[in-house]
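Spelled out, the chains give:
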Amino acid sequence: MLEDTKRLSDFAFFTDLLCHMNNLNTKMQGKNQFIDDIWAHLKAFKLKLNLFAGQIANNDLSYFSRLNSIPSVNEEKLKNYEDGLKKQHFEFERRFLDFSAIQTELDIFTMHFNVNC
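These numbers were taken from a predicted model, which means no experiment stands behind them.

Enquirer: Please clarify how helix α4 (residues 75-95) should be interpreted in this entry.
Expert: Here α4 is 21 residues long and its end C-alpha atoms lie 30 Å apart, about the 30 Å a rise of 1.5 Å per residue gives. Two to three positions downstream of the cap, the backbone nitrogen of E76 sits 3.1 Å from a side-chain oxygen, assigning the N-cap of α4 to N74.

Enquirer: What should I look at first to understand the packing of helix α2 (residues 35-57) against α4 in this one?
Expert: Packed helix pairs are specified by the crossing angle of their axes together with the interaxial distance, meaning the distance between the axes. Between α2 and α4, whose axes approach to 9 Å, the crossing angle comes to 160 degrees. Classified by the angle between their axes, α2 and α4 sit roughly antiparallel to one another. For α2 against α4, the interelement crossing comes out left-handed. Contact residues: α2 offers L42, F45, K46, L49, N50, F52, A53, I56 and A57, while α4 offers L78, Y81, E82, L85, K86, Q88, H89, F92 and E93. When grouped by side-chain class, the residues that make up the contact of α2 with α4 number 11 nonpolar, three polar and four charged.

Enquirer: What should I look at first to understand the pattern of salt bridges in this one?
Expert: Between side chains of opposite charge, a pair can form as their charged atoms come close. Within the structure shown, the criterion is met by eight salt bridges. A single network of salt bridges, built from pairs that share partners, joins K79, E82, D83 and K86.

Enquirer: Whenever I open this one, the environment of K48 confuses me. Can you help?
Expert: By the element assignment, K48 lies in helix α2. The spacing of K48 and L85 is 37 residues in sequence and 9.7 Å in space, taken between C-alpha atoms.

Procedures and definitions
- Residues numbered from 1 in each chain as written.
- Predicted model: local features only at pLDDT ≥ 70, side-chain atom pairs only at ≥ 80, totals over all residues.
- Heavy atoms only, no water.
- Helix = DSSP H or I, 4+ residues; strand = E, 2+ residues; numbered from the N terminus.
- Expected span 1.5 Å × (residues − 1).
- Polar contact = N/O pair within 3.5 Å; in protein donor to acceptor, adjacent residues only side chain to side chain.
- Axes fitted to C-alpha atoms, helices over the stretch in contact; angles between N-to-C directions.
- Parallel < 35°, antiparallel > 145°, perpendicular 65-115°, else oblique.
- Left-handed = near helix turned anticlockwise from the far one by under 90°.
- Contact = heavy atoms within 4.5 Å.
- Nonpolar A, V, L, I, M, F, W, Y, C, P; charged D, E, K, R; others polar.
- Salt bridge = Lys/Arg side-chain N within 4 Å of Asp/Glu carboxyl O.

Now the structure itself:
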């Protein structure tokens, strides 16, 4: 099973993606964080998902070290990974829609002088 490059590339991609998601999870579990800190981590990760999708579209696997270590990854697989990252971004948008709705209220913690009292 580990000699099949198609399965191995899937395994490497998902391992890299789970490492990125684990980093997000670790950042969100820190002590003394306000809701705006957590929201900032989520927004940054959504931007990273777009960055990752764009990089994979350009055959740049620098953010996916395990996938990059595989000698030849099929173009169709890369397109599937790009689509998967776009779907993941959409899912983050959908799941955290409530935070987007209260963005102006959260701005009081980060941009004190830009909030209309």
